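# Residue-level structural notes
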Amino acid sequence: MAIFKWFEKIFYVSENEILTYCSLSASHSYNTEEKKNGKKMPKTKDVGPGIGTMSISVKLSALTGNDVKAEHDWWVAECEKGSYSYIYMGGERFGNYKWRIKQVDIADLVTINDGTLWKSCTLSISFEEYYVKVKKTKAEKKAEKLQKKMRKQMEKADNAKNEKAKTKALEKTKKLAEQFKEASVAAAKARAEQAQRITHV
């Protein structure tokens, strides 16, 4: 039964599966700081939610079809790249943000052939919540600016004092609507290109 997923890796609870889930721990906190108030009792100042942490242990064995060393090396490489992705528990997303690999530890390593072949080990992987505020692209800013202009012209048309002023405002609205449509397509393309540059989804 699948219980844990990060990027392309899925952990199971059965010892007969390739990536066997052993144990998991997670922690969330709320940060505060002391606010001095003269001779009076210091007040507590709210700061906000702390960065969540999670760690998971996985049993790897060549007997269940694992390339133990390759699996270890994959996680180490992702850790060194600072990779991040959503975590899913039982098919549902865990937490509000993505999780970055913070540390990879190995224990109970058993090797054969003078250490060249890894037979089994326990892999411990630590994660921390990763939140990045994505900046708007130039194309998105342009689309938003055109949308605001278009709305203003629509308001002018609705509040026009005569038919001539209304017609003029509607013509400008139509032109802006065409420009906004083109800008929206460009904005969507720019956002997709930006998403592709993110390490993992």
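Treat the numbers as computed from the prediction; the structure is a model and nothing was measured. (Residues numbered from 1 in each chain as written. Predicted model: local features only at pLDDT ≥ 70, side-chain atom pairs only at ≥ 80, totals over all residues. Heavy atoms only, no water.)

Attention now moves to unusual backbone geometry. The backbone of F7 sits at a positive phi, close to 55°, despite the residue not being glycine. The exposure class assigned to F7 is partly exposed, which follows from its relative accessible area of 26%. In this model, N113 sits at a positive phi of 55°, which is unusual for a non-glycine residue. Summarising the element assignment, N113 is placed in the loop between β8 (92–112) and β9 (117–130). (Buried < 20%, exposed > 50% of the residue type's maximum accessible area, 1.4 Å probe, protein only. Helix = DSSP H or I, 4+ residues; strand = E, 2+ residues; numbered from the N terminus.)

The first and last C-alpha atoms of helix α1 (residues 68–81) sit 20 Å apart over 14 residues, in line with the 20 Å expected at 1.5 Å per residue. Considered for burial, the residues of α1 that qualify are V68, E71, H72, W74, W75 and E78. Seen along its axis, α1 keeps its buried residues to an arc of 155°; they face one direction. Exposed side of α1, more than 90 degrees from the buried face: E80 and K81 are the residues found there. (Expected span 1.5 Å × (residues − 1). Arc of directions from axis to C-beta.)

All right, on to the nonpolar core then. Note that soluble globular proteins tend to have their nonpolar side chains buried in a common cluster. Counting residues in hydrophobic clusters, the biggest one holds 20 residues, and the most contacted among them are F4, W6, F11, W75, I125 and F127. Among the elements of the structure, β1 (2–6), β6 (53–61), α1, β8 and β9 are those that each provide at least two residues to this core. For this core, the element with the highest residue contribution is β9, accounting for five residues. Counting nine residues, the second-largest nonpolar core is a separate cluster that includes A139, L146, A187 and A190. (Core = buried A, V, L, I, M, F, W, Y, C linked by side-chain atoms within 4.5 Å.)

Right, let's talk about the pattern of salt bridges for a bit. Pairing is possible between side chains that carry opposite charge, provided their charged atoms lie close to one another. Summed over all chains, the structure comprises four salt bridges. Notably, a salt bridge pairs K69 with D73, separated by 2.9 Å at the nearest N-O pair. Of this pair, K69 and D73 are both found in helix α1, four residues apart, which corresponds to roughly one turn of the helix. For D73, a relative accessible area of 32% translates into the label partly exposed. (Salt bridge = Lys/Arg side-chain N within 4 Å of Asp/Glu carboxyl O.)

Along the chain, G82 falls in the loop between α1 and β7 (84–89). G82 sits in the buried class, given a relative accessible area of 13%. For G82 and R100, which are 18 residues apart along the polypeptide, the C-alpha to C-alpha distance reads 6.4 Å.

Our focus in this paragraph is the packing of aromatic side chains. Per the stated rule, a full pass over the model turns up 11 aromatic pairs. Each ring, one from W6 and one from W75, has its centre 5.5 Å from the other, and the planes form 40°; the classification is tilted. Of this pair, W6 sits in strand β1 while W75 sits in helix α1, and the two are 69 residues apart along the sequence. For the residue pair W6 and W75, the accessibility class agrees, reading buried in each case. Residue class for W75 comes out buried when judged on its relative accessible area of 1%. Positioned above the aromatic ring of W74 is the side chain of K9, whose terminal nitrogen or guanidinium carbon lies 4.7 Å from the ring centre. A cation over a ring is seen here: K69 above W118, with NZ or CZ 5.7 Å from the ring centre. (Phe/Tyr/Trp six-rings, centres within 6.5 Å; stacked < 30°, edge-to-face > 60°. Lys NZ or Arg CZ within 6 Å of the ring centre and 35° of its normal.)

Time to look at a positive patch on the surface. A surface patch of positive charge is lined by K145, K148, K149, K152, K156, K164, K168, K172 and K175. Residue assignment for the positive patch shows that the elements contributing at least two residues are α2 (138–158) and α3 (163–196). Take the positive patch: its biggest share by element is five residues, from α2. Within the secondary structure, K164 is located in helix α3. On the basis of relative accessible area, K164 is assigned to the exposed category, the value being 72%. (Patch = residues over 30% accessible without salt bridge, like charges linked within 9 Å, V, L, I, M, F, W, Y side chains within 5 Å. Areas by Shrake-Rupley, 256 points an atom, 1.4 Å probe, with all protein chains shown as cover. Lys, Arg positive; Asp, Glu negative; His and termini not counted. Charge placed at Lys NZ, Arg CZ, Asp CG, Glu CD.)

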